[in-house]
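Residue-level structural notes
One-letter residues, chain by chain:
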Number of protein chains: 2
Amino acid sequence: MKKANMPAQQKSLQIIPLGGLGEVGRNMMLLEYEDNVLIIDAGVGFPQEDMPGVDFIIPSIDYLKKGGKLQKKILGLVITHGHYDHIGAIPYLLGKIGNPHVFASPLTKAIILRRQEDFPNQPKLNISIVNPKDKIELGPFKLEFFAQVHNIPDTLGIFISTPVGNIVHTGDFKFDQNPIYSPPTDFASLEEMGKRNVSLLMSDSTGAEEFGHSFSEEVIMKNLEEIFKNAKGRIIAATFSSLINRVQQIIALSEKYGRKVAIDGYSMRTNVEISKKLGYIKSQKNTLIKPAQIADLPDQKVTFLGTGAQGEESAVLMRIVNREHRFIRIKKGDSIIFSSSVIPGNERTVQVLKDELYRQGAKVFHYKMMDIHAGGHAQRDELKRMIEIIRPKFFMPIHGQFSMLFNHAEVAESCGLPKENVIVAENGQIIILGQKSISLSKRTVESNLVMVDGLGVGDVGEVVLRDRQNLSKDGMFVVIVVVDRMTGKVRNSPDIISRGFVYLKESKELLYNTRKRVVGIVEKAAGSGGAVNWIYVKDEIRNKVGDFLYAKTERRPMILPVVIEV
Amino acid sequence: MKKANMPAQQKSLQIIPLGGLGEVGRNMMLLEYEDNVLIIDAGVGFPQEDMPGVDFIIPSIDYLKKGGKLQKKILGLVITHGHYDHIGAIPYLLGKIGNPHVFASPLTKAIILRRQEDFPNQPKLNISIVNPKDKIELGPFKLEFFAQVHNIPDTLGIFISTPVGNIVHTGDFKFDQNPIYSPPTDFASLEEMGKRNVSLLMSDSTGAEEFGHSFSEEVIMKNLEEIFKNAKGRIIAATFSSLINRVQQIIALSEKYGRKVAIDGYSMRTNVEISKKLGYIKSQKNTLIKPAQIADLPDQKVTFLGTGAQGEESAVLMRIVNREHRFIRIKKGDSIIFSSSVIPGNERTVQVLKDELYRQGAKVFHYKMMDIHAGGHAQRDELKRMIEIIRPKFFMPIHGQFSMLFNHAEVAESCGLPKENVIVAENGQIIILGQKSISLSKRTVESNLVMVDGLGVGDVGEVVLRDRQNLSKDGMFVVIVVVDRMTGKVRNSPDIISRGFVYLKESKELLYNTRKRVVGIVEKAAGSGGAVNWIYVKDEIRNKVGDFLYAKTERRPMILPVVIEV
């Protein structure tokens with residue numbers, strides 16, 4: 001993991017991660033050779049905990065575009081699969097970098113185009129379909145796609161021939177020899193690539209801190225079937241709408257056990273439609289029904305499938321629990337299946353949701369209680385095997401928090417790769433790949449995260465965030481003083497507007513004393529004759545009122561003094 | 001779990017949980033017989049996610065005290081062990097309910113008294129020491145204490161003889177036949193109680209969703225020893241300061257491998273001191289050193305022990321990582337041990353901390369990677385065994401989220417207890433225990449959670465919280481208009497103060513258009529002659545400015561209009 005010497009030859013390839021390295025999500029990577037840039041993925045990420053109000057985060061493209069001008073020749077954007085952390089930033093970024101050609105598998109293309117409909121002002125995308133074994137040439141790069149197993153169909157990995165050597169980019173993957181309704185991992189292709197002298201393997205690290213092997217979907221299917229077999233009432237299943245494979249499993253099991261499936265929630269309905277059209281979800285003619293139709297069926301004939309396993313406020317499951325759903329209430333005998341892992345940060349919300357489901361009489365099946373969810377990412381044994389199959393000269397962990405990258409690097413070293421051939425890089429770093437060397441450049445590129453909040457992209461910065469954090473802790477306290485310009489006296493009593501600090505109606509004495517202090521500060525300054533330094537007066541109010549309120553409450557609301565001269 | 005029939009006899013015992021049932025933490029329970037009340041535990045809880053700025057939550061005592069007057073005869077407060085979720089509310093509550101006598105084990109007493117020093121205005125506590133096998137009589141209740149194994153020494157369970165039958169309250173416990181430096185679970189006492197015709201068992205549910213058996217501390221010790229054996233540099237261990245047993249393990253291993261132990265952090269130092277004084281932590285004469293002394297020792301002679309495994313902002317580990325610690329920086333070769341579970345809600349903060357430790361060159365050992373932490377709570381197999389040993393007629397799960405109580409009730413039913421003998425109750429419910437029956441009363445008592453924020457206890461309510469949440473999402477927007485009383489014209493331009501919404505300097509056009517709208521609204525209302533309805537004008541500003549800002553930004557800052565007539 002040390003920096004190697006600079007490459008001897010002049011022309012080298014630069015690999016520049018703009019997102020996804022040092023975090024989970026927001027994946028975007030550049031491969032640059034003589035100012036020609038190939039982009040792999042363009043995803044969104046979840047806002048971090050100190051970003052209240054932010055909808056999501058996207059990568060910065062400052063490196064590609066400066067002062068309104070493209071700095072590089074962009075050869076194309078290649079997408080590995082249709083999850084939002086790989087495609088979600090497309091509507092925000094592509095128009096700004098000259099709308100380059102996109103290459104994606106059929107399902108991925110359909111999901112990208114569907115999402116693009118929500119952004120009517122963006123230019124029309126040019127997307128070509130690529131399938132496993134397809135080859136394309138983009139400038140100095142020759143790309144060959146191969147099938148990977150993940151938890152969405154049509155996932156690709158990429159074999160890239162470059163002037164400095166061959167690169168394998170795994171995309172997201174796990175090894176599964178018994179996935180349901182989709183082909184198993186194509187080990188033959190992987191092994192064939194292993195014989196082609198791979199210089200650099202860039203491999204998915206999301207599962208690198210998990211020991212052993214990920215569950216096969218076959219195991220998940222068996223456990224889900226147990227629930228279906230024993231359920232006497234309705235089954236209500238919640239998962240991510242992007243977990244197409246899980247959705248297919250639930251539909252298939254419903255058919256086997258004589259249940260109709262009501263698909264609810266916009267994203268779930270849309271994804272099922274797209275996947276059905278492309279043949280990735282198969283169902284019998286009358287299986288899928290509308291949520292309104294469940295009323296006409298006996299409980300044991302109903303599966304209700306929606307989003308909300310993360311406790312998202314507006315998702316189907318939360319609306320059901322809050323008794324706000326139009327067609328369904330929880331009742332005794334319902335079996336609830338949470339079939340997706342909990343995103344870190346959502347644990348408490350999910351717990352509250354689970355509690356409420358139990359209270360309302362349902363039986364809850366959660367992935368922590370039994371194996372009814374498998375992640376989509378290879379764990380240590382699989383990661384090791386991938387390295388052993390591909391047998392690269394150099395290795396670089398991608399996709400994951402730093403701790404995952406670090407642990408993945410250790411896996412590579414345990415496979416016999418010399419420490420100096422393993423590079424742990426993060427967003428914004430430049431990895432220089434030569435014919436015989438790999439190294440980290442001392443230069444870095446702009447890789448700030450860009451926040452999307454409502455219609456604003458990038459306009460929420462550190463100052464706004466810090467204010468939001470402070471406001472949320474102890475609220476705010478606006479003091480408005482009207483001063484008579486002639487006499488220097490405060491007119492009436494200062495107005496105080498406060499929210500999130502104390503309950504004002506019960507704090508009359510505190511407010512009275514605060515007002516008295518404010519009047520004192522202002523009249524002392526304004527009554528002294530001569531020009532008044534109002535900036536100083538406002539600082540005085542801010543500091544002295546702040547100290548006073550802290551002494552009385554041990555809280556520090558944001559204090560905003562306003563002085564109006566009349 | 002159904003409500004049984006009302007008891008036939010007149011006198012019955014009321015069991016009233018005020019906290020800890022339906023949540024993890026904030027434990028407090030009342031046993032009431034003819035207006036005599038025995039209290040078990042008085043703990044704090046962590047604030048929930050929708051309570052920004054709140055320090056912690058405590059139980060409400062409204063049921064015991066109304067209009068400043070005690071409603072019941074309080075016989076005493078019995079404490080099961082020294083964790084804050086069992087003792088933390090004492091300084092807030094005891095003075096208000098007549099400072100009743102407290103009964104606690106030696107270590108628990110010492111921790112309670114130490115904490116009380118932070119509250120100099122509270123009355124002096126009356127605490128009597130109780131030990132396993134001790135018996136006390138409080139009004140109609142005869143109490144016998146028994147030793148339990150938890151992750152703090154001196155943990156007690158309570159056998160309570162009441163006029164309606166015998167009750168066993170487990171406190172928090174796990175079964176461990178090989179704990180380190182403390183006696184194993186006293187199965188003989190448990191079995192003896194099992195022969196004494198126990199009417200009701202109230203048992204800790206925290207681990208009820210975990211299958212199998214909790215790890216023995218012996219296993220943890222072995223795994224920790226592996227780290228000590230292989231560490232070439234310093235060892236930096238972070239855990240809860242209340243996990244006295246783990247602290248002892250780390251000290252003992254340090255001695256075995258020739259390391260001195262620097263104890264850092266106020267709470268850690270205090271707890272080690274108390275425990276050493278009472279003999280619960282043993283160390284050789286020169287083992288414990290001051291943090292400043294580590295500079296004089298070679299790396300492989302140093303163990304640094306502090307708090308911060310939850311990523312708490314001001315704790316030792318975070319200060320080290322942020323390079324704010326006076327005596328220590330992370331360097332290559334350091335081994336970091338996270339030896340405590342992550343409290344739900346802290347996962348992302350801990351991940352950020354872990355990443356940063358790796359970045360700075362440390363090796364991180366986390367409880368998810370290897371078994372270097374054991375919870376203190378019995379899991380399903382142990383819970384089952386407890387029920388089988390005690391053989392109660394009735395069963396009531398205590399301590400835990402509703403989902404845990406529910407699952408624990410299922411465990412009891414799987415042991416053969418009839419459904420109607422198992423009561424799942426939550427905070428504020430009244431469980432009526434008769435000689436031959438148990439039931440839930442239709443009445444409930446006040447059991448709101450009381451928020452502590454700074455010096456304020458209970459003064460942060462729903463309104464303040466909702467404001468904090470809203471402020472954190474999209475910030476606030478104060479509009480101040482000065483209106484000439486005579487002409488109805490707006491003087492100057494309206495002042496706008498906004499924080500957490502947009503970056504004002506880059507939103508000049510937005511502000512200009514907002515001001516124009518505000519002037520229009522005010523002058524239309526004020527210029528029409530006659531009395532002006534300023535409440536209506538303010539509503540207009542709030543609504544129209546709100547809609548305008550939403551249309552432009554899709555954000556909804558809190559809008560606060562101020563109109564000043566001069």
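Residues numbered from 1 in each chain as written. Chains lettered and ligands numbered in written order. Predicted model: local features only at pLDDT ≥ 70, side-chain atom pairs only at ≥ 80, totals over all residues. Heavy atoms only, no water.

Quick look at the sheet that holds strand β19 (residues 335–338) of chain A
Residues and elements named next belong to chain A. Using the following cut-off: At least two bridges found by DSSP between two strands is the condition for calling them paired. In this description a helix means any DSSP run of H or I spanning at least four residues, a strand means any run of E spanning at least two, and both kinds are numbered starting from the N terminus. Every residue pair with non-hydrogen atoms within 4.5 Å of one another is taken to be in contact. Simply put, an axis is a line fit to the C-alpha atoms, just over the touching stretch for a helix, and the angle between two N-to-C directions goes from 0 to 180 degrees.
The sheet built from six strands is open, its strands ordered β17-β16-β18-β15-β19-β20 with parallel pairing. In the strand order of this sheet, the two ends are held by β17 (288–289) and β20 (363–366), each with one partner. Strands β16 (260–263), β17 and β18 (302–306) of the sheet are contacted by helix α7 (residues 266–277), whose axis makes an angle of about 120° with β16.

What to know about the sheet that holds strand β2 (residues 28–33) of chain A
Residue and element names in this part refer to chain A. In space, the eight strands of this open sheet follow the order β9-β8-β7-β3-β2-β1-β22-β23, with mixed pairing throughout. In the strand order of this sheet, the two ends are held by β9 (127–129) and β23 (438–444), each with one partner. Sheet twist, expressed as the mean angle between neighbouring strand axes with direction ignored, is 25°. With four bridges connecting them, strand β22 (residues 429–433) and β23 associate as antiparallel partners. Its bridge partner lying in β23, Ile-431 is registered against Leu-440.

Focus: the interface of chain B and chain A
Definition in use: The buried area of a pairing is the accessible area, by a 1.4 Å probe, that goes missing from both parts when the two are put together, added over both. Criterion for a salt bridge: a side-chain nitrogen of Lys or Arg within 4 Å of a carboxyl oxygen of Asp or Glu.
With 66 residues of chain B at the interface, the matching set in chain A holds 66 residues. Buried area between chain B and chain A, summed over both chains or domains, comes out near 5600 Å², and the portion from carbon and sulfur atoms is 57%. The largest contributions to the chain B side of the interface with chain A come from Arg-348, Tyr-358 and Arg-555 of chain B, which together make up 12% of the buried area. There are ten salt bridges connecting chain B and chain A. Between Arg-359 of chain A and Glu-426 of chain B there is a salt bridge whose closest N-O contact spans 2.5 Å. Of all the secondary-structure elements, those providing two or more residues to the side of chain B that touches chain A are α9 (347–359), α11 (402–414), α12 (462–474), β26 (476–483), β27 (490–499), α14 (534–553) and β28 (558–565) of chain B.

Some words on the relation of the copies chain B and chain A
To keep it simple, the criterion reads: Only residues with pLDDT of at least 70 in both copies contribute their C-alpha atoms to the least-squares superposition of the copies.
It takes a turn of 180° to lay chain B on chain A, together with a shift of 0.0 Å along the axis; the resulting RMSD is 0.1 Å. Such a combination of rotation and displacement between the chain copies is what one expects of a two-fold axis. For chain B, the minimum C-alpha distance to the rotation axis belongs to Ser-472 of chain B and amounts to 2.4 Å. Taken together, the interface assignments show that 100% of the residues at the interface of chain B recur at the interface of chain A, consistent with an identical surface on both copies.

Structural notes on the confidence of the model for chain A
Spelled out, the test is: pLDDT is a per-residue confidence score from the predictor, ranging from 0 to 100.
Mean pLDDT over chain A works out to 92, with 97% of the residues at or above the 70 mark. For this predicted complex, the interface score ipTM comes out at 0.87, alongside a pTM of 0.90.

Observations regarding the side chain of Ser-498 of chain A
Residue and element names in this part refer to chain A. Using the following cut-off: Burial here depends on accessible area, computed with a 1.4 Å probe over protein chains only, as a share of the maximum for the residue type. Under 20% is buried, over 50% is exposed, and the range in between is partly exposed. Two N or O atoms count as a polar contact when they lie within 3.5 Å, although within protein this holds only if one can serve as hydrogen donor and the other as acceptor, and sequence-adjacent residues are included solely when both atoms are side-chain atoms.
Within the secondary structure layout, Ser-498 lies in strand β27 (residues 495–499). Judged by its relative accessible area of 3%, Ser-498 falls in the buried class. Of note is the side chain of Ser-498, whose polar atom sits 2.9 Å from the backbone oxygen of Met-476. Discounting chain neighbours no more than four positions away, the residues touching Ser-498 are Met-476, Phe-477 and Leu-504.

Notes on the pairing of strand β14 (residues 198–204) of chain B
All names here are of chain B. Short version of the rule: By definition, the crossover connecting two strands over a helix is right-handed if that path, from the first strand to the second, turns clockwise as seen with the strands pointing away from the viewer.
Extensive coverage of β14 is indicated by the burial of seven of its seven residues. Relative to β14, strand β13 (residues 165–169) is paired through four bridges, and the arrangement is parallel. Its bridge partner being in β14, Val-168 is matched across the sheet by Leu-201. In this region the chain leaves β13, passes through helix α4 (residues 187–194) and returns to the parallel neighbour β14; the handedness of that crossover is right-handed.

With respect to the pairing of strand β13 (residues 165–169) of chain A
All names here are of chain A. Among the five residues that make up β13, five are buried, leaving the element largely enclosed by the rest of the structure. Sheet analysis places strand β12 (residues 155–162) next to β13, joined by five bridges and oriented antiparallel. When the bridges of β13 are listed, Thr-162 appears paired with Gly-165. The antiparallel pairing of β12 with β13 creates a hairpin that spans two residues between the two strands.

Observations regarding the packing of aromatic side chains
Spelled out, the test is: We call Phe, Tyr and Trp rings a pair once their centres come within 6.5 Å, taking the six-membered ring for Trp, and we label the pair stacked below 30 degrees between planes, edge-to-face above 60, and tilted otherwise. For a Lys NZ or an Arg CZ to count as sitting over a ring, it must be within 6 Å of the ring centre and within 35 degrees of the ring normal.
Tallied over the entire structure, the rule returns 14 aromatic pairs over all chains. A centroid spacing of 5.4 Å and a plane angle of 55° characterise the contact between Phe-173 of chain A and Phe-175 of chain A, whose relative ring orientation is tilted. For the pair Phe-173 of chain A and Phe-175 of chain A, a shared accessibility class is recorded, and that class is buried. Pairing Phe-56 of chain B with Tyr-92 of chain B gives two aromatic rings, centres 5.7 Å apart and planes at 65°, and the pair type is edge-to-face. Here Phe-56 of chain B, found in strand β4 (residues 56–59), pairs with Tyr-92 of chain B, found in helix α2 (residues 90–93); they are 36 residues apart in sequence, far enough to count as distant. For the pair shown, Phe-56 of chain B and Tyr-92 of chain B are each scored as buried. Taken together, the ring pairs connect Phe-56, Tyr-92 and Phe-119 of chain A into an aromatic cluster. Here the guanidinium or amino end of Arg-385 of chain A rests over the ring plane of Phe-187 of chain A, the centre of that ring lying 4.0 Å away. Here the guanidinium or amino end of Arg-556 of chain A rests over the ring plane of Tyr-550 of chain A, the centre of that ring lying 4.0 Å away.

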